[in-house]
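Residue strings, one per chain:
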Amino acid sequence: MNEERSFESINKEVPRLESWKKASGQAVYTDDIRLPNMAYAALVRSPYSRAKVLSIDVSEAEKVPGYLGCLLPDEVPQDYFNCSGNPPSPLLMKDETVLTLEPKVLGDRIACVAAETEEAAREAADRVKVEYQELPPYLEIKQAMDGKADPLQPHIAPDNIIQRREVSQGDRAAGEAESDIILEDHFVTPPMQHATIELTSCVCDFSDGKHLTVYSTSQTVFQERRIMAEILGLKETDVRFSKPMVGGGFGARQQLHAQHVAALMSKKLGRPVNLSYTREEDLYSVVRHGSDVDLRIGVSKDGKLKLFDTTFRLNAGPFTTHTPTVVAAASRKLQYNVPNYFFEGLSVYTDHIIGGAFRGYGNTQLTFGREILMDRLAEKLGMDPVEFRLLNHVQVGECFPCASIPVSSNGIEACARRCQAIQAEIDAKEPLVDNEDIRQAWGISFSCHGSGPSNKDGLSGAVVMLNDDATVQLLVGSADIGQGSETMESQIAAECLGIPLSRVQITAADTLTTPYNTGTFGSSQTFICGNSVVKACEDLKQKVLAQLKAIYPDCEVEEKDHRYHIHGSEELELSFEEATAKIMFDLKGGVMIGAGTYKAAACPNPFAVCFVKAEYHKKLNAIRILDIIQVVDVGTPINRMTVAGQIEGGIAQGVGYALYARMEINPRSKRTLSSDLLHYRIPQMGDMPRTHVDMVDSYDPYGPHGAKSVGELTTVPVAPAIVNAVRHASGQELNSLPLCDKFIILPSHRKEEE
């Protein structure tokens, strides 16, 4: 346990390394980059969810002052690709083109216009006249699967079902027979937009047509390099992706967006090109998958789960992108012991906005219905909802259903008990209200996630270079997109080497200068990249020892507590700084570079428990969320400040998902009405309840210094906990989001608190 371990640089509250640059305005984001002779580009997008292009007329665009050129579909490669920033997989069907004459989604890329300024490029794009034949779109899963719908990608799915995935163990009939109670329901969750602060942007320089440099808002620079090289017919050594500062990702940047278009425009013009989205373009570029889920859970009268049976459907939009891998990830996230487990997952083509990666990656959608049914089952059994969940929870040494690697650490009970203690403190100050106007109640939810991709695709390299003043250069390929991974990786290096954090300088996410990393997804950076940093530091320490032995050939040399002890013809004790100086400047000295690679052999599960206090206003049919408690088991928290921030941020996204998030579609025009942050609601300060966050003491044997992940975990339990609280307060059964469809949502800040 952590109280038995002493750490110098980790398990502390440490301000992020880049925080001052961000706060002072010195941080350089993609759209801040200015290259000599740079042009600006804007996309011509389809205003229809499904159509055919009959003609394109650029004559009016050519009259715009500063107009430089237009890129049309017949000028770009026609081969299909998959834009997903995942390693190659048979699940990732190729069905997208750079530009198209057959748009399948609102905002599909038709053409690209370039000009001397961004304003001129947008004006020219608006003046391009495109004649369309509008076709009826299939926006919902049921429409696309009803047998009457046209195939949207006939070369892949004549029935619009990209893939069926079946995962099972046990016997369905036996599970039904052993269950004294079986509850079932149909659950629907909406698409959700990432709403990152920074808009999607790229700057591409392909001026010579041979060597491409891309600066972009990216989570997966090495995957995007590979895909771009394939599209353009280049060697990967001729393609460089470099990530500047990024203002949020949440999965939205785990794919190519329009870098390929910008690169081809740069080649055509012989000039660097900036292509940046507007907020409207960002909102309809990619979303969390909408889900349509049938779920049955059976339990015996002693409270033991006997059956879990689900049909899990995700709305992919018109391109495969991540969808089959999101379905696969969801199939591996059941944290309860169930002998009879049946999962059927369907990835379905529609003309809705493209479904992509989003914090939770399928876990969010399936946990929603699961935790609601778990609450209903506890009520039917007359059991406390916490004790019911704990009774069925996997323990260390046990496996999740259909999993092969046992759970290596588990602090779920400690999380639950800490939540109960905080709940008791809140109720002691503000007892639950139940009168003719208002009823208050608590709801709970459990969740888990992984530390790295659940298929163990995670791979990361790290390099540590020792300078002669005993500072180190840390090189990693992972992308910090605002979650603080560069700070945590630097803390890990400082802890391994026994040096202050101030003596570590990190360079990250540049395919020209940093080692390979699978990408920032799957909550993998602390665990996957962190382990590679540990290995690189251990390699450096071994090389330091070896070099000292070469300098002192007649002595024994050992390292203990980050000091180097030399015994024999000389008796010395050297600090890290003294050892470095000796190695670098001695006649038998050398340059010290440590390298480490970590390929995921495990995917330790972090756990979370969430409690929500809500109130229902009976006469108004209105709800207010008062308090949210979340306590997590993330192993050793590398940076306690960052982990707390991740919990709070995850709660905020969960609140938005539960209460407001929806991409509204005009039923007549079939176009989205959610074109800005006035029409697409995300929680503001007044919408946020009081949050109470904590992390329990835990240690995972596979993690760097015992750490597990936190990034995605914290969003997953929030929506079902809110729904369970609202259900208890209102007495209404709920099975879909957002709750604003059924209730008036009152701000969490109350006048009596002023």
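The residue count restarts for each chain, going from 1 along the sequence in the order it is written. Where local features are concerned, this predicted model is filtered to residues with pLDDT of at least 70; where side-chain atom pairs are given and counted, the filter is 80 or more; whole-chain, interface and lining totals use all residues. To get the side-chain values, all heavy atoms of the structure are used, and hydrogens and water are removed first.

Draft legend 1. Looking closely at the overall build of the protein chain. Along its length, the protein chain carries 16 helices and 28 strands. Rg of the C-alpha trace for the protein chain: 27 Å, near the compact-globule value of 27 Å for 754 residues, within the 12% margin. If you line up the protein chain on its principal axes, its C-alpha atoms span 85 × 75 × 55 Å. Contacts are assigned to residue pairs that have any heavy atoms within 4.5 Å of one another. When contacts within the protein chain are restricted to residue pairs at least 6 apart in sequence, those whose partners lie at least 24 apart make up 80%. Across the protein chain, the 76 positively charged side chains and the 101 negatively charged ones have centroids separated by 3 Å. Under the scheme used here, helices are H or I runs from DSSP no shorter than 4 residues and strands are E runs no shorter than 2 residues, and both carry numbers assigned from the N terminus. For a compact globule the rule gives 2.2 Å times the number of residues to the power 0.38, and the radius of gyration it is set against comes from C-alpha atoms. Under the counting rule used here, the positive set is Lys and Arg, the negative set is Asp and Glu, and His together with the chain ends is not counted. To locate a charge, the coordinates of NZ of Lys, CZ of Arg, CG of Asp or CD of Glu are taken.

Draft legend 2. How the structure looks around empty space enclosed by the protein. Grid spacing is 1 Å over the protein atoms alone, the probe is 1.4 Å, and a cavity is where that probe fits but cannot get out, while a pocket is an open set with protein on both sides within 12 Å along at least five of seven lines and lining residues have an atom within 4 Å of a point. Grid points are joined across faces, edges and corners, and a volume is the space filled by probe spheres set on the points. For the structure on display, the rule yields seven cavities of 30 Å³ or more. Taken as a whole, the largest cavity encloses approximately 180 Å³ of empty space. Together, 17 residues line the largest cavity, and Arg-45, Arg-109, Tyr-277, Ser-285 and Ile-354 are the ones closest to its centre. The nonpolar class holds Ala, Val, Leu, Ile, Met, Phe, Trp, Tyr, Cys and Pro. Asp, Glu, Lys and Arg form the charged class, and all remaining residues, Gly among them, are polar. Taken together, the residues of the lining of the largest cavity sort by class into eight nonpolar, five polar and four charged. Computed from the structure, the second largest cavity encloses a volume of approximately 60 Å³. Residue lining of the second largest cavity: Met-488, Thr-526, Val-634, Thr-636, Pro-637, Ile-638, Val-643, Lys-708, Ser-709 and Val-710, and that is the complete set. A class-by-class count of the residues in the lining of the second largest cavity yields six nonpolar, three polar and one charged.

Draft legend 3. Local environment of the pattern of salt bridges. Any Lys or Arg side-chain nitrogen located within 4 Å of an Asp or Glu carboxyl oxygen qualifies as a salt bridge. Per the stated rule, a full pass over the model turns up 45 salt bridges. Notably, a salt bridge pairs Arg-127 with Glu-123, separated by 2.7 Å at the nearest N-O pair. Placement of the pair is Arg-127 and Glu-123 together in helix α2 (residues 118-127), with a separation of four residues, close to one helical turn. For Arg-127, a relative accessible area of 33% translates into the label partly exposed. Here Arg-727 makes a salt bridge to Glu-733, at a shortest N to O gap of 2.9 Å. Here's how the labels work: a residue is buried when its accessible area is under 20% of the maximum for its type, exposed when over 50%, partly exposed in between, all with a 1.4 Å probe on protein chains only. For Arg-727, a relative accessible area of 7% gives the class buried. Several salt bridges converge on common partners, so that one network encompasses Asp-185, Arg-376, Glu-379, Arg-727 and Glu-733.

Draft legend 4. The packing of aromatic side chains, seen in detail. Side-chain rings of Phe, Tyr and Trp, where Trp is taken by its six-membered ring, are said to pair if the distance between their centres is within 6.5 Å; with planes under 30 degrees apart they count as stacked, over 60 as edge-to-face, and otherwise as tilted. With the rule as written, the count across this model stands at eight aromatic pairs. Geometrically, a charge over a ring is one whose NZ (Lys) or CZ (Arg) sits within 6 Å of the ring centre while staying within 35 degrees of the ring normal. Across the ring face of Phe-358, the terminal group of Arg-288 is positioned such that the distance to the ring centre comes to 4.0 Å. The ring of Phe-446 carries Arg-389 above its face, with NZ or CZ at 5.9 Å from the centroid.

Draft legend 5. Molecular detail of the sheet that holds strand β7 (residues 181-189). For two strands to be treated as a pair, DSSP must find at least two bridges joining them. In space, the five strands of this open sheet follow the order β6-β15-β14-β13-β7, with mixed pairing throughout. Two strands close off the open sheet at either side, each with one partner strand: β6 (161-169) and β7. Neighbour-to-neighbour, the strand axes of the sheet open up by a mean angle of 10 degrees, direction not taken into account. Bridge count for β7 against strand β13 (residues 291-299) is nine bridges, and the pairing is antiparallel. Paired with Leu-183 across the bridge in β13 is Ile-297. Inter-axis angles, ranging from 0 to 180 degrees, are taken between N-to-C directions of lines fitted to C-alpha atoms, where helices are fitted over the stretch in contact. Contacts from helix α9 (residues 363-381) reach β7, β13, β14 (305-317) and β15 (340-349), with the element oriented near 145 degrees to β7.

Draft legend 6. Structural view of the packing of helix α12 (residues 485-497) against helix α13 (residues 525-551). Contact geometry for α12 and α13: axes closest at 9 Å, N-to-C directions at 30 degrees. On the basis of their axis angle, the class for α12 and α13 is roughly parallel. Viewed along their axes, α12 and α13 form a crossing whose handedness is right-handed. Contact residues: Ser-485, Met-488, Glu-489, Ile-492, Ala-493, Cys-496 and Leu-497 in α12; Gln-525, Thr-526, Cys-529, Gly-530, Val-533, Val-534, Cys-537, Leu-540 and Lys-541 in α13. An angle below 35 degrees is treated as roughly parallel, one above 145 as roughly antiparallel, one from 65 to 115 as roughly perpendicular, and anything else as oblique. With the far helix as reference, a near helix turned anticlockwise by less than a right angle produces a left-handed crossing, and one turned clockwise produces a right-handed crossing.

Draft legend 7. Looking closely at the environment of Thr-196. Its location among the elements puts Thr-196 in the loop between β7 and β8 (201-205). With relative accessibility at 2%, the residue Thr-196 sits in the buried group. Separated by 51 residues in the primary sequence, Thr-196 and Gly-247 have C-alpha atoms spaced 6.6 Å apart. Discounting chain neighbours no more than four positions away, the residues touching Thr-196 are Gly-247, Gly-248, Gly-249, Phe-250, Arg-253, Arg-279 and Asp-282. Pairs of N or O atoms within 3.5 Å make up the polar contacts considered here, provided that, within protein, one atom can donate a hydrogen while the other can accept it, and that residues adjacent in sequence are counted only when both atoms are side-chain atoms. For Thr-196, the side chain forms a polar contact with the main-chain oxygen of Glu-198, separated by 2.8 Å.

Draft legend 8. Broad picture of the sheet that holds strand β10 (residues 239-242). The mixed open sheet is built from seven strands, whose spatial order is β3-β4-β1-β11-β8-β9-β10. The open sheet has two edge strands, β3 (67-71) and β10, and neither has a second partner. Averaged over all pairs of adjacent strands, the angle between their axes in this sheet comes to 25 degrees, without regard to strand direction. Across four bridges, the pairing between β8 and strand β9 (residues 212-216) is antiparallel. Among the inter-strand pairings, Cys-204 is bridged to a residue of β9, identified as Val-214.

Draft legend 9. Representation of the layout of surface pockets within the structure. Roughly 560 Å³ of volume is contained in the second largest pocket. Forming the walls of the second largest pocket are 18 residues, and the residues nearest its centre are Glu-18, Lys-21, Met-245, Glu-486 and Ile-506. Take the lining of the second largest pocket: its biggest share by element is five residues, from strand β20 (residues 504-508). Grouping the constituent residues of the lining of the second largest pocket by class yields eight nonpolar, four polar and six charged.

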